[in-house]
Amino acid sequence: MRKPGRAELVQHGTSACQGAPETMVNKLKKDQSWIPKVIKKKTCSTFLEDTGAQSKGQLCQCGYPKDNHRSVATEDNFGAAIVSRWNTAEHTTEEPTDAFGNVEFFGKGRKHRKFIRLSSDTDPATVYNLITQSWDIPPPNLVVSVTGGDAQLKMKAWLKDILRRGLVKAAQSTGAWIMTSGLQMGIGKYVGEAVRDHATASTHTASKVVAMGIAPWGIVSNKERLVNPKGSFPVQYMVSNDTDAQHALDDNYSAFLLVDNGTNNQLGGETQFQARLEQHILTRRTGIGGRGSIEIPVLCMLIQGGPNMLERIYGAAKNNIPWLILAGSGGIADVLAEAIAESFTVEALRPQVHMWLAKHAPPEDVPGLVKLVEKIVENKHLMTVYNADLEGVEEFDTVILKTLFKACKKSDNALAYLDELKLAVAWSRVDIAKSQLFNGEILWKTSDLDDPLTAALVNNKPEFVKLFIDNGTNMVEYLSYRRLEELYSSVAENSLLNSLLRKKQEERRPSQCLKADEGRQSYTLCEVMKVLRDLMGDFCDPIYSHLFHLEGWRKRRELLYPKEESYGKKKCTNPWADLFIWAVLQRRSKMATYFWEMGGESVSSSLGACLLLREMCRLEPEAEGAQVIKEMAARFQQLAVDVFNECYRHSEKRAFQLLVFRCPVWGRSTCLQLATEADARNFLAHDGVQAFLSQIWWGEMDRNTEIWRLVLTFFCPPFIYSNLINFRSSSEDQLPGSPDSEPECNENDVLLQLPEGSCADGAEVQVKGRNRRPFWMVRWKQFWGTPVTSFFGNVIMYFAFLFLFTYVLILDLLPMGPSNVELVLYIWVLTIVFEEIRQTFFVSMDIPVKKKVKLYFQDMWNICDILAVGLFFIGVAARMFREWYNMGRMILCIDFMVFSFRLVHIFAVHKQLGPKIIIVGKMMKDVFFFLFFLGVWLMAYGVATQGLLHQTETRASWIFRRVFYRPYLQIFGQIPLNELDAAQMPLSNCTDDPVAILMEELPPCTNTYANWLVILLLTIFLLVANILLVNLLIAMFSYTFNKVQENSDIYWKFQRYKLIVEYHKRPALPPPFIVISHLNIFIKRNIRKVPSVKSKAFVMDLPKSVASRLMTWEAVQKENYLVRCNRAKRESNMEQLKRTAQKVDTVLNYISNIKDHNQRLRALEKQMDYCTEALTWLVESFMQSDLIKNAKAPPTLTGTEVAPCSRPAYTPAGTTTISAPAFALEEVFLRLIICVHVYTQRVPGEHGQQLSKQIYPEAR
């Protein structure tokens, strides 16, 4: 018979069909048309009459009547005469199968089940490919074959719980196949009910339990309905009466393999085929993540069972298939459970088994069954007895896994346990892996754990990753850049990360992407680098850019065609950080947290993760997924706050260095930059960060300096050299680059120094003593170079600008032309424009111009500045022309309001005003929502009243007033009753002539029809607007106020940080004197080539040795924090309960072990009894024989202690009592056996032979 290849099965495999039912049926027929050509059925070819059958007609030994046989089968009378017994191998022929397709159970819904009639000699490889490819049933991680019981099986309640809550639940969690008969009788019926009950109660609709029925074709009820040579798609299957229902197919199964051996109404035809199918599945490989690295284990489960099951059990044991025997289920299961648990010797086992089997089998079959039991007991390592009373049913998958572990050959070689380890990873049973595989008995090599570690990473098993790391896996040796690419290629297809990577891959190489769609997805670190760049922005270098040697990395050409082959075999320089980024991008919280604990750069890594997650939350389309990402981002932000708090408590100066140190892992970005981009307000509001900002804010001046001293010194600069302003001495905060200090990480570490003190090129730049500036210049820069001076200078001059603008707008804005004062105002605004241009294009020099403009417009206050300046120039341009003078004056008046609104940003630094400003800003959003509802209601009321009162009004301005303006004023109490109420309307001249109304000769007449409706609408309008909507607005304001007020300190500190950064970058002089600072900057940068100092004030570069010590110190503080967290966790009530539960489990394990020891002691006790009797017989024989001539009595073995298992033995006359000594019983037993064997070789006659037969098997 030809075997179908994999390509053929894939070609003809079933595919998902959509469309009309006729199209679906035709497609299914076409896809499965190969089945009759490959899979056969069996037909009886020789009619042998069954003489013992009680039937009216002639019946063949195959079970079919003579009429069902072909003429060829009935005409061979000579062949039938010389053959007395029918045999399926000799008396059947194979023909194409005539029953396959889908079956739909009548009255059980429209779910379709797969079925096929196949020969008992069908190749199991063909059947396995049919199931997994054509029928689209996923390959199993485990196969559990449930056997035992008969057609009249009455299952106990606890066995039903075993099947429902134990077996079926374990099959669902592990992705297993359950194999039974699939019929509504015996064990198959109860397994089907368990599958049904579990599916009804389970909420996990994604994972379906696969139950597969393997039954003889000849006993299936109503099988004629399944016959269709072209296939059934589907066939309606129903059972006519209760008698046939026992052998009917069970609708709770997913597929049916109906094995045909040519017989009818005869059981057992499927046994050999099922055994061969199980043996084939053992050779197949499955794997988590599609890796195909695990051999599929097969487990047989015995419930009850008759004597015929012993042959099945022994045959499976020869194929190294483990068995799980349910003790207490009855039948052969109890016999085997007792035989295995009691640990009988061979001689003691035979009578016990003989006695047990006599209850279940005919006497003539018992001796053969006893031999089978002995052979089965010899394979104890494949037999596991399960007692539900002791082990329960909640963790049945643990029992299955322990059974598979027990079936392994005990060896120190770790490779023998590798598949079991992978299986434990697939089932997420880290507890079993710890107790069975990592208990110190197995010597694992680092290379042995590579594949299980990869499986644990791909399938999000952080407990296993930790277990492998704790047991010797070297992550530096494990993780190469090529393996990292494999991890990125294993992301889920429906994940956000996969869509981002696929998009970047299509941008770089669309032709290769089309090929990737056909097979497995594959991504490189180039796509990862571009995704990380999009998520993190351009404020830092791209991560992994060093692998591609991209000096001009922003050039699109170099990103599209990088050099990919140079880094593949290299090991990752920072594997923990690489795995941390990978876990964060996949939103795996526990995995990312573990890698964060194991890696370095704790604070920056937490903030980097927060940044990535915030950007991913913005791109996530699903609300639930976005919420998970938000929670994960908040968790990592809190980790950054906690670790930095630990660092700040230990050393303030080192903590400040940590804030501004360039982290090479995160693209040479600092913690402050990461926190700003991630909007980590809690981190920026930390006391340590605020202390550092205060250091930046005040510079060299004393932080307790009064404001009036600053203002006075600002207007009178000579006071800088007096004692009016106190400056700190240079010894208090020494410069990192000063000649008297070195940037060492010890307790005398210096801070990042403020503007002019900062080093442009890092901590290694030193200033020579002979080039020190004079005192007057140093003090001048110390005052004018601080952000606080720049801030108050800008505030003072901005008030002056507003006063000047007010003077020009009210008193000096004349039509004849600009005055001198107005020209000063123009120059002042022009200097403001110069500053805005500098902030846009010349602050960040290393990013594209487009990105600079985008960053500039991201700030709302910059937009306000652009609006103010734009309106000013438009107003000035209109003001220059006499005909546009009034328009220009109006625009300048509006522009003054915009400039005045700019003052709000200045006062954001105030601790009391700052949160209030935020509250006002958020309330403005609430107002817009309120105005939407109010506008809808106002328009509805206005249009209705206008239509009722003024039917002849045609003037658009008056219509607008009455529709919108009048109802709006009515909200505030201005209700014109003389225009609404007919009783109060005055008598006046009016007209209904549209022309007269349009020419405004007379007002339109008011319509008084249905005036009551106008009054009613007014009442309802005022009720809704004044009570409902206004109170809604108040409630929204109250909620916003309370929400912001709770976190007012955080909001204010965040605003303070942004303001300090902004004014730190500003020149020292405010407008209009800022032009001087601009000229100074131009000369320094373009003529003197002096690098910018302020742009690097928040950035510090350290030598590698100093940076290494700083990172080590940070790691120590992180460990202290983790130790403190673990201590608090251990002291919690929940952890105490967990530890108590673990202790209880340990005690139960000890009790179980004590029971095992008791069984062993009983076995040793029986062996000692046997040895005692043998020695007694020896003493009697020696006393009665003439071999030894000694009148002296035999010696007596005495001991100070008697073993508790010893018993008084029979003592013949003239002998002494022999008691068990205190030394090892095994050694005594071995010596006695040797002595008995030597003696029996010398005893002549039948007595010696009989004694040898009794004792010598024990010596073997």
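Residues numbered from 1 in each chain as written. Predicted model: local features only at pLDDT ≥ 70, side-chain atom pairs only at ≥ 80, totals over all residues. Heavy atoms only, no water.

To continue, consider the overall build of the protein chain. On a plain count of helices and strands, the protein chain comes out with 53 helices and 14 strands. When burial is assessed residue by residue, the protein chain has 49% of its 1260 residues classed as buried. When contacts within the protein chain are restricted to residue pairs at least 6 apart in sequence, long-range pairs at least 24 apart make up 72% of them. When the accessible surface of the protein chain is summed, it comes to about 64,700 Å², and 56% of that surface belongs to carbon and sulfur atoms. (Helix = DSSP H or I, 4+ residues; strand = E, 2+ residues; numbered from the N terminus. Buried < 20%, exposed > 50% of the residue type's maximum accessible area, 1.4 Å probe, protein only. Contact = heavy atoms within 4.5 Å. Areas by Shrake-Rupley, 256 points an atom, 1.4 Å probe, with all protein chains shown as cover.)

Moving on, we get to the packing of aromatic side chains. Taken as a whole and judged by the stated rule, the model has 39 aromatic pairs. For the pair tyrosine 798 and phenylalanine 801, a centre-to-centre distance of 5.9 Å together with 45° between the ring planes defines the contact as tilted. Highlighted residues: tyrosine 798 and phenylalanine 801, both in helix α37 (residues 787–812), separated by three residues, approximately one helical turn. Judged by relative accessible area, which is 0%, phenylalanine 801 ranks as buried. Looking at lysine 189, its charged tip hangs above the ring of tyrosine 190, at a distance of 5.9 Å from the centre. Across the ring face of tryptophan 958, the terminal group of arginine 961 is positioned such that the distance to the ring centre comes to 5.1 Å. (Phe/Tyr/Trp six-rings, centres within 6.5 Å; stacked < 30°, edge-to-face > 60°. Lys NZ or Arg CZ within 6 Å of the ring centre and 35° of its normal.)

This part takes up the sheet that holds strand β9 (residues 255–260). Taken together, 10 strands build an open sheet; the order of strands is β8-β3-β4-β9-β7-β6-β5-β12-β13-β14 and the sheet is mixed. Each edge of the open sheet is held by one strand with a lone partner, namely β8 (232–237) and β14 (383–386). Each strand of the sheet is rotated relative to its neighbour by a mean of 25°, with strand direction disregarded. Relative to β8, strand β3 (residues 100–105) runs parallel, the two sharing four bridges. (Pairing = 2+ DSSP bridges. Axes fitted to C-alpha atoms, helices over the stretch in contact; angles between N-to-C directions.)

Turning our eyes to something else, we now look at helix α44 (residues 956–971). Spanning 16 residues, α44 covers 23 Å between terminal C-alpha atoms, matching the ideal 22 Å at 1.5 Å per step. At arginine 962, α44 shows its strongest bend, of approximately 40°. Along α44, the residues that are buried comprise Arg962, Val963, Arg966, Pro967, Leu969, Gln970 and Ile971. Directly beyond the C-terminal end of α44, a positive phi value near 100° is found at glycine 973. (Expected span 1.5 Å × (residues − 1). Bend = angle between axes of the 7 residues up to and from the residue.)

This part covers the nonpolar core. In terms of nonpolar packing, the biggest core is built from 226 residues, with Tyr488 and Phe683 touching the most fellow members. With 12 residues, α37 is the single largest residue contributor to this core. Within the second largest apolar cluster, 62 residues are counted, among which are Leu118, Trp177, Ile214 and Tyr314. (Core = buried A, V, L, I, M, F, W, Y, C linked by side-chain atoms within 4.5 Å.)

Predicted confidence across the protein chain gives a mean pLDDT of 78, with 79% of residues reaching 70 or more. Taken as a whole, residues 1199–1226 scores under 50 in pLDDT and shows 34 contacts with residues more than four places along the chain or in a different chain. (pLDDT = per-residue confidence, 0-100.)

With respect to the helices and strands, the residue phenylalanine 901 is situated in helix α41 (residues 885–901). On the accessibility criterion, phenylalanine 901 (43% relative accessible area) is partly exposed. Considering only alpha carbons, one finds phenylalanine 901 and alanine 868, 33 residues apart in sequence, at a separation of 9.7 Å.

With their axes 11 Å apart at the nearest point, helix α31 (residues 652–660) and helix α50 (residues 1104–1130) run at an angle of 110° to one another. With respect to their mutual orientation, α31 and α50 come out roughly perpendicular. For the element pair α31 and α50, the recorded crossing hand is left-handed. Taking contact as the criterion, the partners of Arg654, Ala655, Gln657 and Leu658 in α31 are, on α50, Leu1110, Met1111, Trp1113 and Glu1114. (Parallel < 35°, antiparallel > 145°, perpendicular 65-115°, else oblique. Left-handed = near helix turned anticlockwise from the far one by under 90°.)

Inspection of every chain in the model, using the stated rule, returns one disulfide. The partner cysteine of cysteine 990 in its disulfide is cysteine 1005, sulfur to sulfur 2.1 Å. Judged by the sign of its S-S torsion, about 95°, the cystine formed by cysteine 990 and cysteine 1005 is right-handed. Here cysteine 1005 lies in the loop between α46 (994–998) and α47 (1011–1046) and cysteine 990 lies in the loop between α45 (977–980) and α46, a separation of 15 residues in the sequence. Taking the relative accessible area as the measure of exposure, cysteine 990 reaches 35% and is therefore partly exposed. Accessibility expressed as a relative area gives 18% for cysteine 1005, which makes it buried. Of all cysteine sulfurs in the structure, the one in cysteine 62 sits closest to cysteine 44, which takes part in no disulfide; the separation is 3.8 Å. (Disulfide = S-S within 2.5 Å.)

Next up on the list: the environment of proline 848. Along the chain, proline 848 turns up in the loop between α38 (820–841) and α39 (849–857). Sequence separation between proline 848 and aspartate 538 is 310 residues, and the spatial gap between their C-alpha atoms is 9.1 Å.

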